[in-house]
Structures are given as C-alpha cells and as structure tokens.
Amino acid sequence: MNVARMEGPGELPRAKPWTLPGALVVRTVAGAAAAAPVEGARVRFGRGRPDDPDKPADVTVGADDKKISRQHGLLVHRQGWWYLSNTGKLPVEVGEYVLRGDGESVPLRAGVTSVLITTPAGRHHVVELYVNGGDGALPPPLFGQHTAPGHVWSLSERERLVLAVLGQEYLRNNPRAQPIGRNQAATQLAELRPEDDWNVRKMDRVVEAVRLRLSRKGVFGLVEADLPQPIGNLLSHNLLSELIVRTPSITHSDLMVLEDDD
C-alpha cells in the first residue's frame, strides 16, 4: 500500500491521500506520512527510515535515541477503522491505554490522538495521529487566533466533593495517580460530612451519574462498552483524568477544602 511522506516540519499537503475522508496522518518532529483508508493499509513509525532495508519506518521518531525501536508502532486499516499496535520494546501510551507489545491494538476515532513513548532516561517522544473526518478536512493553521478557553464540566457541590475525595492523588500531582480506595473514600466523606450519612453505595451512585452524563456528552472510556477487559478501576481513572487532568473541572481549590477539614 502506498504511503505519502513529508520530511521535516511544515504545513501538511492539501492533496490526496492527506485530505481523503478517513485517511490517516502520522506526524512527528521529523516529518509526516499519510495513507488512504484502504483495507490492509499500513503505516509504521519508529527510529528507522523509509529506506531502512531491515525495519523501515514511514515516519521517524527518536532518531537519536537507541531506546526507540526502528519499528516502534504499526497502524493498520481494518474493517473501516485504523488500529494502532506496539511493535517496539518500550510501552506506548495512547490516552488512557498503555500498549506493551503483546499483540493488543486500539482503534482510533476521528480527530487527533497523541501517542507518547517514554524512555528509562526520561525522554518523551510524541507521535501525533490524525484520522480525517467525513469531510476530509485537515486541521488548519491557527497562528493568529486567540487561545481558546478550556472546557469545564458542570458539577454539583455534592458531585465535586465526592470526586475531589476520590481524585485527591490527581489534585496533588502524583505522577502515577489512581483513585483512592472506595472504602477509604467513603470513610473520609463520612468524616467530612457526617450529616449526609455517606457509605460506599451512596458514593458509587454519585460517581456513576457523572460518568454516564459525560459519556452521553461524548467522553470516551467512561462506560464498560468502551474498554477491553479486564477493566479494574479504569472507569474511575478515566473520569478523574477527564475532570482534573484534561479539563480544569476540579481544581486544587477543591483539594484545599478537604485539607481544611483534616
């Protein structure tokens, strides 16, 4: 399958296959590549180059970092979707997913998906994946535009309290933050607001209501149908990441309320 390539930074071409509906554009600081949404189409990224006789890569990433595999990621078009899999030695982070090279793959939705490869030395290599929408339009340059304000989800005071307790590790900027345990969270809620008679089931109902509301608004990864098994606490993690990391819907000021009550 043919892959169109562009070396170095710059505005993407406004021609086929770059602008075809459903086409895939893969971009790094070293250049970009695009492929039409044809069954079996493949795009590879990694430390290699297109003319590498052993392990070529259509888009180069981490050219000066031997921890990056020559073919570190593979994108394949199957049954109307682009799927990303890890073909390298280091994990590949795709939003809330971590691909570890065990054959698992994730589908890409239309729009931008950022991929991150982190080396043991702490270097971060970014690959930007873009699946064109139905109109085939690429994102236009916005050099002179004012910065758009971030989206904030509306939460009731009750929802904000519950989610701030669950997400206190995220609010404290723990780099490997996870929701605190449900029993621990319910106990803390009961201590903070004893008049509300908090318990795990009551807390779970509040969290579920917010998850379902945001899922209906288009946030991915908040219901079981969005995720592969086993799910574990990924639903709560995705919700807290959306509210604290990706949007400023819950902020450090909510954490201060908890600390004031300690």
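Before any of the text, the structure's been laid out above.
Residues numbered from 1 in each chain as written. Predicted model: local features only at pLDDT ≥ 70, side-chain atom pairs only at ≥ 80, totals over all residues. Heavy atoms only, no water.

Undergrad: Explain the packing of aromatic side chains to me, and be specific about the residues and the numbers.
TA: For the structure on display, the rule yields zero aromatic pairs. Stacked on the ring of Tyr83, the Lys or Arg Arg78 has its end atom at 4.2 Å from the ring centre. (Phe/Tyr/Trp six-rings, centres within 6.5 Å; stacked < 30°, edge-to-face > 60°. Lys NZ or Arg CZ within 6 Å of the ring centre and 35° of its normal.)

Undergrad: Give a description of the sheet that holds strand S9 (residues 97-99) that names residues and reports values.
TA: The seven strands lie next to each other as S1-S3-S2-S12-S11-S8-S9, forming an open sheet whose pairing is antiparallel. Edge positions in the sheet fall to strand S1 (4-7) and S9, since each has one partner strand and no second. Averaged over all pairs of adjacent strands, the angle between strand axes in this sheet comes to 20°, irrespective of strand direction. Pairing of strand S2 (residues 24-28) with strand S3 (residues 31-35), which is carried by five bridges, proceeds in the antiparallel orientation. Looking across to S3, one finds that Leu24 is bridged to Ala35. (Pairing = 2+ DSSP bridges. Helix = DSSP H or I, 4+ residues; strand = E, 2+ residues; numbered from the N terminus. Axes fitted to C-alpha atoms, helices over the stretch in contact; angles between N-to-C directions.)

Undergrad: Now, about the side chain of Asp58: what can you tell me, with residues and values included?
TA: Its place among the elements puts Asp58 in the loop between strand S4 (42-46) and strand S5 (59-60). With a relative accessible area of 5%, Asp58 lands in the buried category. Polar side-chain contacts of Asp58 include one of 2.8 Å to the side chain of Arg5. Aside from chain neighbours lying at most four places away, what touches Asp58 is Val3, Arg5, Ala33, Arg42, Val43, Arg44 and Pro50. (Buried < 20%, exposed > 50% of the residue type's maximum accessible area, 1.4 Å probe, protein only. Polar contact = N/O pair within 3.5 Å; in protein donor to acceptor, adjacent residues only side chain to side chain. Contact = heavy atoms within 4.5 Å.)

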